[in-house]
Amino acid sequence: MTHREMHPQRWGDPAHATPLPDSSKELVDLIFGANDTPGAASVEVPASQLAPELLDSLAALFASPDQVLADDETRRLRTRGKSTPDLLKARVGDLSDAPDVVVRPTTHEEVAAVVAWAAEHRVAVVPFGGGTAVTGGLVAARDGFAGVVSLDLADMDRLLSVDPVAMTATFQPGVRGPAAEELLAAHGLRLGHHPQSFEFATIGGFAATRSSGQNSAGFGRFDQMVVALKVATPIGDLEVGSSPLNAAGPDIRQIVLGSEGTLGVITEVTVRVRAVATETRYEAWQFESFAAGQAAMRHLAQRQLLPTIIRLSDEAETAINLASQTDVGGEALTGCLMIVGHEGDRIAPQVARVAEELTALGGTALGEDRGQSWVEGRFHAPYLRDSLLDVGVLVETLETATFWSNTERLHGAVKTALESSLGEGTVVLCHVSHVYETGCSLYFTVAAKQGDDPLSRWLAAKAAACDAMMDCGATITHHHAVGTDHKAWLAREIGPVGVAMLKGLKASVDPAGVLNPGVLIP
Ligand SMILES: Cc1cc2nc3c(=O)[nH]c(=O)nc-3n(C[C@H](O)[C@H](O)[C@H](O)COP(=O)(O)OP(=O)(O)OC[C@H]3O[C@@H](n4cnc5c(N)ncnc54)[C@H](O)[C@@H]3O)c2cc1C
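Our subject in this report is the structure included herewith.

How each quantity is defined
- Residues numbered from 1 in each chain as written.
- Predicted model: local features only at pLDDT ≥ 70, side-chain atom pairs only at ≥ 80, totals over all residues.
- Heavy atoms only, no water.
- Helix = DSSP H or I, 4+ residues; strand = E, 2+ residues; numbered from the N terminus.
- Buried < 20%, exposed > 50% of the residue type's maximum accessible area, 1.4 Å probe, protein only.
- Contact = heavy atoms within 4.5 Å.
- Areas by Shrake-Rupley, 256 points an atom, 1.4 Å probe, with all protein chains shown as cover.
- Pairing = 2+ DSSP bridges.
- Salt bridge = Lys/Arg side-chain N within 4 Å of Asp/Glu carboxyl O.
- Expected span 1.5 Å × (residues − 1).
- Arc of directions from axis to C-beta.
- Axes fitted to C-alpha atoms, helices over the stretch in contact; angles between N-to-C directions.
- Core = buried A, V, L, I, M, F, W, Y, C linked by side-chain atoms within 4.5 Å.

**A short note on the overall build of the protein**
Part 1 of the reasoning: Looking only at helices and strands, the protein has 18 helices and 18 strands in total.
Part 2 of the reasoning: Counting only C-alpha atoms and orienting by the principal axes, one finds that the protein spans roughly 70 × 60 × 45 Å.
Part 3 of the reasoning: Looking at the protein as a whole, 54% of its 522 residues qualify as buried.
Part 4 of the reasoning: Summarising the internal contacts of the protein: among those between residues at least 6 apart in sequence, 76% fall at separations of at least 24.
Part 5 of the reasoning: Carbon together with sulfur atoms contributes 55% to the accessible area of the protein, which is approximately 21400 Å² in total.

Okay, here's the thing in structure tokens:
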């Protein structure tokens, strides 16, 4: 089977690249003093380290030789994920994390056979979904292992069953976001999980990272959608989820969710699904300040009035939004822009009630144009990151979450940490991306000068921001997961007992430690 591949050094589909308009280039130059960066370095993939006899025994597990690929191009395309550090490394031709071989199973049995083989021969296995990881979850430690296998789940891309009575659907893990929606639409159903990486990220990846989508206010996070899982581990198969919820001890599903390939390979995911929406409405609202907008969000969440989508930009992000939305007319937008989306059946009463509450809390309705424009452009922003990197701007995003009583402190602390680390000319934008009764997630976008060593500059800034999150008592990640990048801060967040519990789990199901070594577990 052939799948649309992402560009090896950029985000997404090469056909959708979004070059910066000349006018924006001038603005960028003015703010960041940026310059075009040199083109990508020529690429040499390190030679495969897997011994020929191991490669032969691995190939023997598969029905077809096409399922075992050791060519340079395939290995290059399965190297790391799509964080800015990943892109910066790829741009300078650093492929030191390339796997030795890529395998493409089509069944649970083939996955289980690879996992058992890996444990026997002490070969590291990296489950690979869409390859959209942004926290180093696809970079396995090599030391002490006979090699690294990328377990590419792209060919496990079927909808296995639908239960229209319980409203559940069971997928293989390699189904990407758009395909999941298309497969369900044939049954009049939808999943409603739309992270910004929707185009390429997979069902298995959503489960393994506890992803959150833009519709999470209405649909819940991905971990709230999952009802059952099948997992291949080195000590055997795990199948969990025989009822919607239970009191049968700790919820093992929730232990697998977010385990980032370190406890097993997820081969089937059963999710709760809903009927397709017959009506949608996307609106923009304006609030005087970030605090006023947050108070309105909190009010809706605490009265169970949340729409399907709700997000709020701070003043800086609102100003930038305006720059990219001159097509919707309107004079300079001050204050903070809120996007509110309603999706469902007979939504009019909910639309009216939410509008009434937002107006009473100081919101000004801006109509549907900006809301519609946001929906249409919501998957484009990552393409812009590459265009900015091209002209010498360092751009990256990071996210965290906290309780409502702590958001102002957290917002200020992370912003200050990034600005102090990256210096003059740094721009920090923020929005509230996900909302709960007790708190919310803050999502930051940072733009700064690349300087001579952009990677080191970013790693220092990111460390400062992560320290600020911990100092504020917030989480190290609301939805990007831990990977290798957040491990040190995870240890701080969950403490020594939490770390011991994770280590104990890992030792019990993966005694040889071959599943994604170095990822997640501090
Ligand atoms: C531009 C961009 C925007 C993003 N926006 C969002 C967003 O809005 N919300 C959000 O939550 N995240 C977002 N992310 C992060 C990322 O898309 C998510 O973490 C996503 O869930 C990863 O899915 P994937 O299929 O690409 O997994 P991969 O990147 O392939 O893998 C992620 C991790 O899960 C493991 N894994 C993958 N599949 C399996 C499996 N079947 N069994 C066991 N382990 C597995 C991998 O080994 C790795 O550790 C974004 C990333 C990018 C680059």
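**Focus on the sheet that holds strand β3 (residues 124-128)**
Part 1 of the reasoning: The strand order across the open sheet built from 4 strands is β1-β2-β4-β3, with neighbouring strands paired in mixed fashion. Each having just a single partner strand, β1 (68-69) and β3 make up the two edges of the open sheet.
Part 2 of the reasoning: Bridge count for β3 against strand β4 (residues 148-152) is 5 bridges, and the pairing is parallel. Considered in β4, the bridge of A124 is made with V148.

**Focus: the pattern of salt bridges**
Part 1 of the reasoning: All told, the structure shown has 25 salt bridges when counted by the stated rule.
Part 2 of the reasoning: E368 serves as the salt-bridge partner of R281, at 3.0 Å between the closest nitrogen and oxygen. Placement of R281 in strand β12 (residues 279-287) and of E368 in the loop between β15 (364-367) and α14 (369-377) is noted, with a sequence separation of 87 residues between them.
Part 3 of the reasoning: On the basis of relative accessibility, which here comes to 35%, the residue E368 falls in the partly exposed class.
Part 4 of the reasoning: A salt bridge links R353 to E357; the nearest nitrogen and oxygen atoms lie 2.9 Å apart. Highlighted residues: R353 and E357, both in helix α13 (residues 348-360), separated by 4 residues, approximately one helical turn.
Part 5 of the reasoning: Several salt bridges converge on common partners, so that one network encompasses E5, R78, R104, D152 and D155.

**Concerning the pairing of strand β9 (residues 236-240)**
Part 1 of the reasoning: Here strand β8 (residues 226-233) pairs with β9 via 5 bridges, running antiparallel. Residue pairing in the sheet places T233 in a bridge with G236 of β9.

**Regarding α13**
Part 1 of the reasoning: Compared with an ideal rise of 1.5 Å per residue, which puts 13 residues at 18 Å, α13 spans 18 Å between its outermost C-alpha atoms and is within 8% of the ideal.
Part 2 of the reasoning: For α13, every residue scored as buried is listed here: V351, V354, E357 and L358. Buried positions in α13, seen along its axis, are confined to an arc of 135° and lie on one side of it. Residues of α13 that are exposed and angled more than 90 degrees away from the buried face: A348, P349, E356 and A360.
Part 3 of the reasoning: Elements in contact with the buried residues of α13: β12, α11 (290-302) and β14 (336-344).

**Considering the sheet that holds β9**
Part 1 of the reasoning: With antiparallel pairing, the 5 strands of this open sheet are ordered in space as β5-β6-β10-β8-β9. Only two strands of the sheet have a single partner each, and these edge strands are β5 (159-163) and β9. Each strand of the sheet is rotated relative to its neighbour by a mean of 10°, with strand direction disregarded.
Part 2 of the reasoning: Running over the sheet, helix α5 (residues 108-121) touches β8, β9 and β10 (265-272) and is turned about 45° from β8.
Part 3 of the reasoning: The strands touched by helix α6 (residues 177-185) within the sheet are β5 and β6 (168-171), with β6 carrying the most contacts at an inclination of about 130°.

**A closer look at the nonpolar core**
Part 1 of the reasoning: Judged by nonpolar contacts, the single largest core of 46 residues is most densely connected at M338, L358, V414 and L418.
Part 2 of the reasoning: Per-element accounting of this core gives the leading share, 7 residues, to helix α17 (residues 454-471).
Part 3 of the reasoning: If we ignore the near neighbours within four places in the chain, the residues touching M338 are E283, A284, W285, F287, G293, A296, M297, I310, R311, L312 and L358.
Part 4 of the reasoning: With 29 residues, the next largest nonpolar core counts V114, A118, V148 and L151 among its residues.

Just distances and angles here, no functional claims.
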